[in-house]
Amino acid sequence: MENTEVLYKNTSKMDASEISIFQSYAMKKINIISSIAFALVFAGIGAGACFWNLTCGIIVIVCGVLGGFVLLPYLMKDSMKKQNAQSYGDKKYLNTFEFCDEYVQITSEASALDKNEYQPIATQKLFYEDALQAVLYRDHLFLYISPRQAFILDYKGMTKGTIGEVIDMLKTKNIKVIDKTTK
C-alpha cells in the first residue's frame, strides 16, 4: 500500500506572466540562434552590396545587426506575450502541488480575472518516474513531463515544507535537477 501522506505542498498561480517566465527560459537558445542567423544573412548581403555601393552595404550590415540582436528578440517576446494573453486572458489559474512519497497530486483551479472564486477544473497524479527533469530558474521550479511541457512551481508558493526540501526529495527520486538560477 502506498503512502498518501502529503510531505510538501505548493500553491502557485498560473497566468500569462508565469508562462512568459517559462517561455523565456525554454526559448532562450532558439532566440539566440535566430538572432545570429538573421544578422549573418544580412551581413552577407551587406558584404556583397559593398562591392556595388559601399554606403548601401554598410547600411545593410548595420540594419542586420540591429534587427537581429535588438528588433527580432523584442518581436519574438512580444508575440509570445500576446499569444499568452489570448490563451489565458479571461481567467486566472491556481495549481496546487501535493508531494507524496510516490507521486505528486496536482489540482488546477480557475477563476474569472475579477473574482477570487476558484473552481476545480482538473487533477492529475504525476508519478516521479514519469518526470523527465526539474529545472531551477529564477524563483521557479519547472517540473518537466515532456521535452516541451512543464509544471511551474513558484518558490514563494510553499505552504508545507520548503522548496529546498522538495528539490532534495526530487534528487532522491532520481530526477535530474538542473540549476539555471545563476545563468
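Please read all numbers here as calculations on a predicted model, not as lab measurements.

(A) Examining the nonpolar core more closely. In terms of nonpolar packing, the biggest core is built from 21 residues, with Phe-99, Leu-141, Leu-143 and Leu-170 touching the most fellow members. At the level of secondary structure, the elements contributing two or more residues to this core comprise strand S2 (91-99), strand S3 (103-112), strand S5 (133-137), strand S6 (140-146), strand S7 (149-154) and helix H4 (163-172). Once you skip the residues sitting within four places of it in the chain, Phe-99 turns out to touch Glu-5, Val-6, Leu-7, Tyr-8, Val-104, Tyr-128, Leu-153, Val-166 and Met-169. Counting 14 residues, the second-largest nonpolar core is a separate cluster that includes Ile-21, Tyr-25, Ala-150 and Ile-178.

(B) Local environment of the pattern of salt bridges. According to the stated counting rule, one finds four salt bridges in the structure shown. Its salt-bridge partner being Lys-9, residue Glu-98 comes within 3.7 Å of it at the nearest N-O pair. Pair noted here: Glu-98 is in strand S2 and Lys-9 is in strand S1 (residues 8-14), with a separation of 89 residues, a long-range link. The class of Lys-9 is partly exposed, set by a relative accessible area of 28%. Between Asp-78 and Lys-82 there is a salt bridge; the shortest N-O distance is 3.4 Å. Here the residue Asp-78 and the residue Lys-82 both occupy positions in helix H3 (residues 54-88), the gap between them amounting to four residues, near one helical turn. Since its relative accessible area comes to 24%, Asp-78 is described here as partly exposed.

(C) Local environment of a nonpolar patch on the surface. Taken together, the side chains of Ile-32, Ile-36, Leu-40, Leu-54, Ile-58, Val-62, Val-65, Leu-66, Phe-69 and Val-70 present a nonpolar region at the surface, about 920 Å² in accessible area. Contributing elements (two or more residues each) for the nonpolar patch: helix H2 (28-52) and H3. Of note, Ile-32 is situated in helix H2.

(D) Broad picture of the sheet that holds S1. Taken together, the five strands give an open sheet; going across it, the order is S4-S3-S2-S1-S8, and neighbouring strands pair in antiparallel fashion. Looking at strand neighbours, the two that pair on one side only are strand S4 (119-127) and strand S8 (158-160), the edges of this open sheet. On average, adjacent strands in this sheet sit at an angle of 20 degrees to one another, irrespective of strand direction. Sheet analysis places S1 next to S8, joined by two bridges and oriented antiparallel. Opposite Asn-10, over in S8, you have Met-158 as the bridge partner.

(E) View of the pairing of S3. With eight of ten residues buried, S3 is to be regarded as a mostly interior element. Two elements, S2 and S3, share nine bridges in a ladder whose sense is antiparallel. Across the sheet, the residue bridging to Thr-96 is Thr-107, located in S3. The antiparallel hairpin formed by S2 and S3 contains three residues in its connecting segment. Relative to S4, S3 runs antiparallel, the two sharing eight bridges. Across the sheet, Ala-110 pairs through a bridge with Gln-119, a residue of S4.

Conventions adopted
- In every chain, residue numbers begin from 1 and rise along the written sequence.
- Per-residue local features are limited, in this predicted model, to residues with pLDDT of at least 70; the limit for side-chain atom pairs, both in listing and counting, is 80 or more; totals at the level of whole chains, interfaces and linings are taken over all residues.
- Hydrogen atoms and water are omitted, and side-chain values are computed over all heavy atoms in the structure.
- Buried residues of nine kinds, namely Ala, Val, Leu, Ile, Met, Phe, Trp, Tyr and Cys, make up a nonpolar core once their side-chain atoms join them within 4.5 Å.
- Relative accessibility decides the category of a residue: with a 1.4 Å probe and only protein chains considered, values under 20% of the type maximum give buried, values over 50% give exposed, and everything between is partly exposed.
- In this text, helices come from DSSP runs of H or I with a minimum length of four residues, and strands from runs of E with a minimum of two, each type numbered from the N-terminal end.
- By definition in these notes, contact holds between two residues if any of their heavy atoms fall within 4.5 Å.
- We define a salt bridge as a side-chain nitrogen of Lys or Arg found within 4 Å of a carboxyl oxygen belonging to Asp or Glu.
- Residues enter a patch when their relative accessible area is above 30% and they make no salt bridge; the linking distance is 9 Å between like charges and 5 Å between nonpolar side chains (Val, Leu, Ile, Met, Phe, Trp, Tyr).
- Surface exposure here means Shrake-Rupley accessible area, sampled with a 1.4 Å probe, where a residue is shielded only by the protein chains that are shown.
- DSSP bridges decide pairing: two strands pair if at least two such bridges lie between them.
- Angles run from 0 to 180 degrees between N-to-C directions of axes, and those axes are lines fitted to C-alpha atoms, restricted for helices to the stretch in contact.

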